[in-house]
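Each chain, letter by letter, is given below.
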Amino acid sequence: MSEDPSRITAMEVDTAFIKSKRGILKVAEMVTLFVAFVCFAVASRPKYIAATVLEFVITSLLLLLYLFKLNKRLTFFFWPLVDAFNSVFAAVYFIVLSLLAATTYTVTGTLVGGIFGLVFAGLMCVDSFVLFKNITFNQPRSEMNTVNNEH
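Residues numbered from 1 in each chain as written. Predicted model: local features only at pLDDT ≥ 70, side-chain atom pairs only at ≥ 80, totals over all residues. Heavy atoms only, no water.

By the naming in an unreviewed UniProt entry, the protein is MARVEL domain-containing protein, taken from Pagothenia borchgrevinki. Its UniProt record gives the protein the following Subcellular location (unreviewed entry) comment, quoted word for word: "Membrane". (UniProt positions renumbered as here; feature names shortened; annotations may be inferred.)

Spelled out as structure tokens, the structure:
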């Protein structure tokens, strides 16, 4: 008997990713972003709140992508490269944003949020370094996915 193609298959959860270096790094990024968001929210700084929420959503989506192994199903993008570009742009953006918040603060929450934003930028630099170190463009995608999931 053949299976019904309209039947929804269960999603596979990659618990090994959360325990890997990259998984721990993604969780640490989300924690620092959440702390920065809370600090900016307490200080009532809507520009900084919007930036932290946007990056929190993007990081959460990338974490879910790797956690549910959707990067193997959605092959129209080279996901490690998308993740690496996000890491680089977010690091640069948050360095500027955090330095601006830390130098122009009027409420202590803005200063603390700026410091956690700089910590987040550092984590994004580490993330981009790890991703670019693992990406080699001359390997097929199936080999690249196994290389990325091992680290």
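With that settled, consider the confidence of the model for the protein. Atom-level detail of predicted coordinates should not be read off regions where pLDDT is low. On average, the protein scores 85 in pLDDT, and the residues at 70 or more come to 83%. Element-level mean pLDDT values for the protein span from 54 in helix α7 (residues 141–150) up to 94 in helix α2 (residues 21–42). (pLDDT = per-residue confidence, 0-100. Helix = DSSP H or I, 4+ residues; strand = E, 2+ residues; numbered from the N terminus.)

What the rule picks out here adds up to five salt bridges. For arginine 22, the salt bridge identified is with aspartate 83, shortest N-O distance 2.9 Å. Here the residue arginine 22 occupies a position in helix α2, and aspartate 83 occupies one in helix α5 (residues 79–103), the gap between them amounting to 61 residues. Like aspartate 83, arginine 22 is buried. Linking lysine 26 and aspartate 127 is a salt bridge whose minimum nitrogen-to-oxygen distance equals 3.1 Å. Of this pair, lysine 26 sits in helix α2 while aspartate 127 sits in helix α6 (residues 108–134); the two residues are 101 residues apart in sequence, bridging distant segments of the chain. Overall, the relative accessible area of 1% leaves lysine 26 in the buried class. Aspartate 127 gets classed as buried once you look at its relative accessible area, which sits at 0%. Shared partners join several salt bridges into a network, and the residues in it are Arg22, Lys26, Glu29, Asp83 and Asp127. (Salt bridge = Lys/Arg side-chain N within 4 Å of Asp/Glu carboxyl O. Buried < 20%, exposed > 50% of the residue type's maximum accessible area, 1.4 Å probe, protein only.)

With that out of the way, let us pick up the packing of aromatic side chains. By the definition in use, this model includes nine aromatic pairs. Taking the centre distance of 5.9 Å and the plane angle of 85 degrees together, the rings of tyrosine 93 and phenylalanine 94 count as edge-to-face. Judged by relative accessible area, tyrosine 93 falls into the partly exposed class, the value being 46%. Among the residues examined, phenylalanine 94 registers a relative accessible area of 1% and is labelled buried. An aromatic cluster is present here, built from Phe76, Phe77 and Trp79 joined pairwise through their rings. (Phe/Tyr/Trp six-rings, centres within 6.5 Å; stacked < 30°, edge-to-face > 60°.)

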